[in-house]
Structure formats: C-alpha cells, structure tokens
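# Results of the structural survey
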Amino acid sequence: KWDHNDIVIKGDIAAQQGILFAIFQMQQTYTGEDERLNIGPKGFTGEKYGGVTYWDTEAYCIPFYLSTSDQKVARNLLIYRYKHLQKAIENAQKLGFTDGAALYPMVTMNGEECHNEWEITFEEIHRNGAIAYAIYDYIRYTGDQAYLAEYGLEVLIAISRFWKQRVNWSEEKQQFVMLGVTGPNEYENNVNNNWYTNYIAAWTLKYTIEAIGYVQKEGKVEPIFEKTGFDAEIEIAGWQQVIDNLHLPYDPGREVFLQQEGFLNKEILTVDQIPEHRPINQKWSWDRILRSCFIKQADVLQGLYFFEEDFTEAIIRRNFDFYEPMTVHESSLSPCVHAILAARLGKREKAYEMYLRTARLDLDDYNNDTEDGLHITSMAGTWMSIVKGFAGQRVREGILVLNPYIPTQWESYSFRIGFRGTTLTVAVNQESVVIENPSETPLNIEVWGVLLEVSGTKIFALENA
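The text that follows walks through the structure, step by step, so that each part is easy to find. Computed from a predicted model, the values in this text were never measured in an experiment. Position numbers for residues start from 1 in each chain and track the written sequence from start to end. Owing to the predicted nature of the model, reporting of local features is limited to residues with pLDDT of at least 70; listing and counting of side-chain atom pairs is limited to 80 or more, with chain, interface and lining totals taken over all residues. In computing side-chain values, all of the structure's heavy atoms are included and hydrogens and water are not.

Before going further, it helps to examine the pattern of salt bridges. Two side chains of opposite charge can pair, provided their charged atoms sit close to one another. The term salt bridge refers to a pairing of a side-chain nitrogen on Lys or Arg with a carboxyl oxygen on Asp or Glu at a separation within 4 Å. A full pass over the atoms with the stated rule returns 26 salt bridges. Note that R140 and D137 form a salt bridge whose closest N and O atoms lie 2.7 Å from each other. Of this pair, R140 and D137 both sit in helix α7 (residues 127-142), three residues apart, which is roughly one turn of the helix. Relative accessibility under 20% of the residue-type maximum defines a buried residue, over 50% an exposed one, and the middle range a partly exposed one, all with a 1.4 Å probe and only protein chains included. Exposure remark for D137: the relative accessible area of 6% places this residue in the buried category. The salt bridge partner of R396 is E309, with a shortest N-O separation of 3.6 Å. Of this pair, R396 sits in strand β6 (residues 394-396) while E309 sits in the loop between α14 (300-306) and α15 (313-323), and the two are 87 residues apart along the sequence. The helix count covers DSSP runs of H or I at least four residues long, the strand count covers runs of E at least two residues long, and both are numbered beginning at the N terminus.

Let us now look at the sheet that holds strand β10 (residues 432-437). Within the open sheet, the five strands sit side by side as β1-β8-β9-β10-β13. Their pairing is antiparallel. What marks the edges here is a single partner per strand, and that holds for β1 (8-10) and β13 (456-461). Each strand of the sheet is rotated relative to its neighbour by a mean of 15 degrees, with strand direction disregarded. Looking at chain direction, strand β9 (residues 422-429) and β10 are connected through four bridges and run antiparallel. Bridge assignment links T425 to a residue of β10, and that residue is E436. The rule for pairing is simple: two strands pair if DSSP sees at least two bridges between them. In this description, a line fitted to the C-alpha atoms serves as the axis of each element, helices being fitted only across the stretch in contact, and the angle between N-to-C directions of two axes falls anywhere from 0 to 180 degrees.

With that settled, consider the environment of A92. For A92, the location among the structural elements is in helix α5 (residues 85-94). Sequence spacing of A92 and L103 is 11 residues, and the spatial spacing of their C-alpha atoms is 5.0 Å.

We define the nonpolar core as a collection of buried residues of types Ala, Val, Leu, Ile, Met, Phe, Trp, Tyr and Cys that are connected through side-chain atoms lying within 4.5 Å of one another. Y355, I386, W410, Y413, I435 and I445 are the most contacted members of the largest nonpolar core, which totals 153 residues. For this core, the leading source of residues is helix α9 (residues 195-217), giving 12 residues. In contact with Y355, not counting residues within four places along its chain, are I9, A15, I19, A339, T382, S385, I386, F390 and W410. Contact between two residues is taken to exist if any of their heavy atoms lie within 4.5 Å; hydrogens are not considered.

Burial of strand β11 (residues 443-447) is one-sided: the residues L443, I445 and V447 facing one way are buried, the residues N444 and E446 facing the other way are not. Pairing geometry for strand β7 (residues 399-402) and β11, over three bridges, is parallel. Pairing of V401 across the sheet is with E446, part of β11. Note that β11 and strand β12 (residues 450-454) share five bridges and pair antiparallel. When the sheet's bridge partners are listed, E446 is paired in β12 with L451. A loop of two residues connects β11 with β12, the two strands running antiparallel in sequence, and W448 in this loop sits at a positive phi of about 50 degrees.

Time to look at α7. Two residues of an α-helix separated by three or four positions point the same way, owing to the 3.6 residues in each turn. A rise of 1.5 Å per residue sets the reference length of α7, with its 16 residues, at 22 Å; its end C-alpha atoms lie 23 Å apart and thus fit the reference within 8%. For α7, the tally of buried residues reaches 14 of 16 residues, placing the bulk of the element in the interior. One or two residues past the end of α7 sits G143, with phi positive at roughly 75 degrees. For a helix, the expected span equals 1.5 Å multiplied by the number of residues minus one.

Note on aromatic pairs: the rings of Phe, Tyr and Trp (six-membered ring only in Trp) are paired at centre separations within 6.5 Å, and the planes decide the class, stacked below 30 degrees, edge-to-face beyond 60, tilted for the rest. Tallied over the entire structure, the rule returns 44 aromatic pairs. Centroid distance F390 to W410: 5.2 Å. Interplanar angle 90 degrees. Geometry classified as edge-to-face. Within this pair, whereas F390 is found in helix α18 (residues 376-390), its partner W410 is found in the loop between β7 and β8 (412-419), the two being separated by 20 residues in sequence. The exposure classification of F390 matches that of W410, with both residues buried. On the basis of an interplanar angle of 10 degrees and a centroid distance of 6.4 Å, the ring pair of Y413 and F415 is categorised as stacked. Accessibility expressed as a relative area gives 1% for Y413, which makes it buried. One Lys or Arg, R288, reaches over the ring of W284 and ends 3.8 Å from the middle of that ring. Whether a charge lies above a ring is judged from NZ of Lys or CZ of Arg, which has to be within 6 Å of the ring centre and within 35 degrees of the ring normal.

Our next topic: the packing of helix α3 (residues 56-68) against α18. Two elements in contact, α3 and α18, have axes separated by 9 Å at closest approach and are oriented at 55 degrees. Here α3 lies oblique to α18, going by the angle between them. As α3 runs across α18, the sense of the crossing is left-handed. Contacts between α3 and α18 involve D56, Y60, C61, P63, F64, S67 and T68 from the first element and T377, A380, W383, M384 and K388 from the second. Under this grouping Gly is polar, as are all residues other than the nonpolar Ala, Val, Leu, Ile, Met, Phe, Trp, Tyr, Cys and Pro and the charged Asp, Glu, Lys and Arg. By residue class, the composition of the contact of α3 with α18 is seven nonpolar, three polar and two charged. In this scheme, roughly parallel covers angles under 35 degrees and roughly antiparallel covers those over 145, while 65 to 115 is roughly perpendicular and the rest are oblique. Note on convention: near helix rotated counterclockwise from far helix by under a right angle means a left-handed crossing. Clockwise means right-handed.

Laid out in structure tokens, this is it:
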C-alpha cells in the first residue's frame, strides 16, 4: 500500500508528518473487501459516534479510495448504500413521504436512522444529495457507466422522489422553496432555502434525468421502471418543474449566494473579530452561536467545490472572499474544501494554511477534542488538499486533468494516482513537474490546459503553469 500510495514532501517536516499520518489512518480504517462495512468518523481511534456511517464517506472519503485503491473499493461503498435503499424508503415513510421516496439516514449502521437530534435527523437532509453525488463522482472517475443499470439508477430515482416531495410552491415567490432545513453549516438550524441544499437537490434531479436517458439508450431501463413503479412522463416532467423554478437565495448587491434566506439579517463579522472564546462550540451558548454569522464548516463553498464547473472563477472568488473570513472551521470537514478552492483561485498562502489546518487537526489538537478520537474525514481531506488542491487534479469528459503548483515552503512533493487501470507518478519541485507512466498503455491527460499523451516520462517546466 505504501509503495502505491505514499506522498513524499521535502522541506517541510510538519506537512510531511501530516500526510503520512492521514494515509496511514485511511488505509487501516477501510479496505473495501466487504460491502456490508463502511467508514466510522473516528475510524478505530475512539468510540464517539459509535462507528456509524455519515455522509462524510460519500463527500470526502470516496475520492481518496478512487485514486489509491482498486475500483471495487469505492464501488463497494456505493453498494453499501444500495443495499440500504429499502431502509431509506422506510425512513422517508416514517416522515410522511410516499411512492418510493428515500431519505438516507444521517447516522446509521444498518440503514435505519440512528441519530438522536431532531435538527440533524429531520433537517440535515442534504446528505441525500451527497449520496447521489458519489454515484456521479464514481462514474465520472472510473467510467463504470454499467453501475447505473446495476444499482445506481434505483437509488437516484428514490432520492429524486424525495426531493420532489420535500419542496413546496410559494405563491409569494412564484418559485419552489425548501423550508425547515439544516445545511452543512450546523451553526444554523431550521432555516429556509439553504443554498447548498437547494442546489444539490436540483442537481440530483437533473443528473437522475440524464442517468435515465443513458440507461434507456442502453436498453436496460424498463426493468428498473417496472421495479420502481416509475411513470417516466409524469415524474420527469415534475422534476423538471422543480429544476427550472427552485429558489436559490442570492444577494445582488454583493453578488454572492446567500447561505440561506435571512442570512444578511445577522451582524456580519469576521473570525478575527472574536478576541477570545475559541472554539466557540465549547465556549458559547447555542443561542449565541445560532444568532451569529460564524460558520462551522463550508456550506455555500461546499457546493462551489462540488460543482465548480457550473460557475465562473469570478463567482467562486466573490463567494470565497465573503464566506471564508466568517468560517471558524470547527468541523473536520471544512479546511480541506477551503484549501482546494483557495488553490483553484491562486490564493496559495491561504491554501497552505488550510492544508496544515486539516493535516494537523488532530496532531496539534486544533479543536481541543482529540480525547474523543481522531477525525478520519480530515485525513481524507489532507490527501485531497494535496492532490485536488496543490496538484489541481480533476476529471473532465473522461480525461484526467492536472494543474500542479508547489507551495513556496516546500522543496518538492510527489504522489501516485490511479486512473482507469493506469498509475501515474507525479513529482513537482520548484522548477519542474515530472509525470511518469510506467505501464505499457499510453494515457491521455490534460496538464495546464494542454491535452497530451503520456507514455514513459514527461517533464514540464514549472513556469509554464
């Protein structure tokens, strides 16, 4: 595993220690051999959360295993959710949803909801979107479109039915709205029209329609329609209405998406204006936290990270500059998203700061909570901060994309990345980028916007970036 997955950083001991610690924890936490198993937020390091499964798996952990392990490892994480589909439908039925709508649990062992806080269990429904996104992410990376007909489309249909029933029509706005939710930022509860939740709901509906079209073209859709009782004409038309008319809160003055309706009613402050009392979740009352503008973790920025191709760089930059100064990062899920977006925007010092924040979250006990165990999600985020952040790894139209640069604090870094049966070695120093393909099969990749075929070794001058 180390021969395949090691990341070597020279010139920065703290950064090197952080990524080695992260890879070790990720590899010992999950092997992918048994689709009945999943990833606990603390791995095997502590009993808090009881080893249950969260949306952390789909949103943060799958990218690591896609690049570092056999394809079946990430596939088994998806099959785990497929095998819980009937339980997800039953969970939705308990809340009054009908006709095969599914709400996956926030916390689970066997598919049933195990969480005991109502604002999480009933309101933090964005987790449904993360499960749909993981199907998309897996297929985009592996090219395994067959997964849709085998498992994925059933899950997407059930989730989309939930989103269709969860919105309601607002006569005042003349749009669909989504009321009473909690977004990824858990320092806001029971809000209306959380931008991230609304966006990922509409995206899921759109992706499900695309998935139906693909499976239909393959001639495999009728058994799925029959099994799910799907009326394509009526249901797709209803989904399209939601896609076209779902309210997404926006402030035209600042030209930013609003985390939720009413967000600007708060006093807008920045984290550096908190002179004491950190972390606030251990020092402040919940009343004070909920009335503040401070953000536990990436919320709007989570959506911009997932769906960056939907937005211009200027839009991403304005939203980053607005929300980043208000984010206290008191969740392990947060710093890596900010690191990746900062790298994307050329904010290299901020990207490095956020990398160290996620890489050393537990080693330096940033949030004063390691007595409960380590944060496996921040371990996955550490890997993502390097590979998706500093190296700019993406997949577009079946092509592996790299836009590498190196932090000024480092002499060099190198990593390996598996992609569709080929493993590349990428080494970056202050002068050059070296990409090696040791296999006999050439691989087309895009580097700094240039499409090229890699067989053997390719060397690029770093100043071309």
